[in-house]
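Summary of the model geometry
Chain by chain, the residues run as shown.
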Amino acid sequence: MRRSSWILAMIMCVTVLLAGCGKKSADDVVKDLSDVVSGMDSYHGTALMTLHTGQTPQEYLVDISYRKPSYYRIAMTNEKKDITQIVLRNDEGVFVLTPSLNKSFRFKSDWPDNQGQVYLYETLVRSIIGDETRQLANDDKAYIFDVAANYNSHALVRQKIWLAKDNYAPQQVQVSDANAKVVVDLKFSDFKFGTEFDKDAFDMERNMGAGSTAVPPSNSGDAQPQAETGGNKPSDSPDQTGTSDETGNPDQAGTGTSGPTAGEANGTEEQPVADGIEASDADAGAGEPNAGADGQSGQGSEDLAMSEFGIIEPTYMPAGVQMRDMPEIEDSETHAVMMRYAGQYNYTIVESRPLDRAVSLAAGDPIDMGFGVVGVLTGDQQQTLTWMMDGVEFRITSADLPVQEMIQIAASMQDQSGK
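So, here is what we can say about the structure in this document. Because the structure is a prediction, the values reported are computed rather than measured. (Residues numbered from 1 in each chain as written. Predicted model: local features only at pLDDT ≥ 70, side-chain atom pairs only at ≥ 80, totals over all residues. Heavy atoms only, no water.)

Right, let's get into the overall build of the protein. Counting secondary structure elements, the protein contains seven helices and 18 strands. Across the 419 residues of the protein, 48% fall into the buried class. Looking at the protein alone, contacts between residues at least 24 apart form 56% of all its contacts between residues at least 6 apart. Counting only carbon and sulfur atoms, one obtains 50% of the accessible surface of the protein, whose full area is about 19800 Å². (Helix = DSSP H or I, 4+ residues; strand = E, 2+ residues; numbered from the N terminus. Buried < 20%, exposed > 50% of the residue type's maximum accessible area, 1.4 Å probe, protein only. Contact = heavy atoms within 4.5 Å. Areas by Shrake-Rupley, 256 points an atom, 1.4 Å probe, with all protein chains shown as cover.)

Listed below in structure tokens is the structure:
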């Protein structure tokens, strides 16, 4: 009897010991994640991102590439609209590219070090390590962390992160609001560490020419740029190297003190220099050869038709703000329109189809707009948020409007028909 009790006790001790060895604590996983990130040279992943921010869910294919020390390529494709937008970081700076429209922004930025992105592995790991109140759950194949969301939106409060047990690769991320409603759902279909890329995978010219969602990894076959998959290039893009002006008309503070000239709204050479942004001499008149005295493009009436668009007004205004006026912009080669708002905050919204124009490197940051579009924030005391949507460039400029309000105004303008 005594021998049987001793054997049973030994079996229980071994069982407890084995169970303890097979289950990691949250601190154990955090230590492992720190080691993974510190020893990480590269990765590549693909995911489906579903945004539940409007009346109907919006889906985007996301292709993520990283190579040490700080090369990034994030391609987001809206399959419904057949448009791909690329955020690129290399030795030349940070770029926001829309290849199908032949538009690009280039600026100096610490992105993504200065802001989190739900599709970046480093952001997810920082969220887990930085939250001392993190909660860990397990299923058969994944560690599931419940931690605070650290994104540029007060509406995003919590997030759940699924990491594979065998190598800590991300499997899924769900970001929720204050009411525990899932706002962003990111599901990875593939993620691999130690990816080898072609030497020009993070090159701006290659990505502008490719326009496809994925950059082929090294030794994957033909490394030449693929044909554009996001539709035909519109006829109002005269060349393959044009870039859009990211200054956002910084002279228009939204104060309502004076009306703009056509040059101010167009972003042409009449615009004052601000925040160290200055067009080079070779670029200053990039759009002039295509425009006649009557404002029509030299490429004919088809270009003019491509440039025309209806006015899209935001359905959201901050409390204490009213539209002041919509001043007429005469002789606008880009068919620019302006709306001025005043009250608690003062700001302007400019909509246009801009002429291609190269601009020197300026300080700024890419901003995730929360509806599958990446915008560009420039300026210091006076800030401008610029983004492209359906071939139209939108700019919100203000000296006192918070960035979160800018984003909310921009979100209220998506999926609207011009008036």
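Moving on, we come to the side chain of arginine 340. Note that arginine 340 resides in strand S13 (residues 337-343). Reaching out from arginine 340, the side chain makes a polar contact with the side chain of aspartate 325 at a distance of 2.8 Å. (Polar contact = N/O pair within 3.5 Å; in protein donor to acceptor, adjacent residues only side chain to side chain.)

Taking burial as the measure, the ten residues of helix H3 (residues 121-130) include seven buried ones, the bulk of the element. The complete set of buried residues in H3 reads Tyr121, Glu122, Thr123, Leu124, Val125, Ser127 and Ile128.

A separate point is the pattern of salt bridges. The tally for this structure, following the rule as stated, stands at twelve salt bridges. The partner of lysine 24 in a salt bridge is aspartate 32, and the shortest N-O contact between them spans 2.7 Å. With a closest N to O distance of 3.6 Å, arginine 73 and aspartate 63 form a salt bridge. In this pair, arginine 73 is assigned in strand S3 (residues 71-78) and aspartate 63 in strand S2 (residues 58-67), connecting sequence segments ten residues apart. (Salt bridge = Lys/Arg side-chain N within 4 Å of Asp/Glu carboxyl O.)

Let's shift gears to the nonpolar core. Counting 50 residues, the largest nonpolar core has Tyr43, Met49, Val118, Tyr119 and Tyr121 as its most contacted members. Per-element tally for this core: the top contributor is strand S11 (residues 182-193), with five residues. Among all residues touching valine 118, those that are not within four sequence positions of it are Met49, Leu124, Tyr151, Val173, Val175, Val184 and Leu186. Within the second largest apolar cluster, 23 residues are counted, among which are Ile312, Val321, Met369 and Ile409. (Core = buried A, V, L, I, M, F, W, Y, C linked by side-chain atoms within 4.5 Å.)

Inspection of every chain in the model, using the stated rule, returns 14 aromatic pairs. Between tyrosine 43 and tyrosine 121, the aromatic rings sit 6.2 Å apart at their centres with planes inclined by 65°, giving edge-to-face as the arrangement. Highlighted residues: tyrosine 43 in strand S1 (residues 42-51) and tyrosine 121 in helix H3, separated in sequence by 78 residues. Pairwise contacts between aromatic rings join Tyr43, Tyr66, Tyr72, Trp111, Tyr121, Phe188, Phe191 and Phe193 into one cluster. The ring of tyrosine 71 is capped by arginine 67, whose NZ or CZ atom sits 5.2 Å from the centre of that ring. Against the face of tyrosine 143 rests lysine 165, its NZ or CZ located 5.5 Å from the ring centre. (Phe/Tyr/Trp six-rings, centres within 6.5 Å; stacked < 30°, edge-to-face > 60°. Lys NZ or Arg CZ within 6 Å of the ring centre and 35° of its normal.)

A word on the environment of methionine 49. Looking at the element boundaries, methionine 49 is found in strand S1. The sequence separation of methionine 49 and valine 118 amounts to 69 residues, and the corresponding C-alpha distance is 9.6 Å.

A contiguous nonpolar patch, built from Met317, Met323 and Met326 and spanning about 230 Å² of accessible area, is present on the exposed surface. Inspection of the secondary structure puts methionine 323 in strand S12 (residues 321-325). Residue methionine 323 is classed as partly exposed on the basis of its relative accessible area, which comes to 32%. (Patch = residues over 30% accessible without salt bridge, like charges linked within 9 Å, V, L, I, M, F, W, Y side chains within 5 Å.)

Mapped onto the secondary structure, threonine 50 falls in strand S1. The spacing of threonine 50 and glycine 372 is 322 residues in sequence and 9.1 Å in space, taken between C-alpha atoms. Sequence-distant contacts of threonine 50, defined by excluding residues within four places in its chain, comprise Pro57, Gln58, Glu59, Val183, Val184 and Asp185.

Our next topic: the layout of surface pockets. A volume near 770 Å³ is recorded for the largest pocket. For the lining of the largest pocket, the elements supplying multiple residues, two or more each, are S1, S11, strand S15 (362-368) and helix H7 (403-411). If one sorts the elements of the lining of the largest pocket by residue count, H7 sits on top with four residues. Its residues assigned to classes, the lining of the largest pocket shows 14 nonpolar, 13 polar and three charged. (1 Å grid on protein atoms, 1.4 Å probe; cavity = no way out; pocket = protein on both sides within 12 Å on 5 of 7 lines; lining within 4 Å. Points joined across faces, edges and corners; volume = space filled by probe spheres on them. Nonpolar A, V, L, I, M, F, W, Y, C, P; charged D, E, K, R; others polar.)

In short, shape yes, function no, at least from these values alone.
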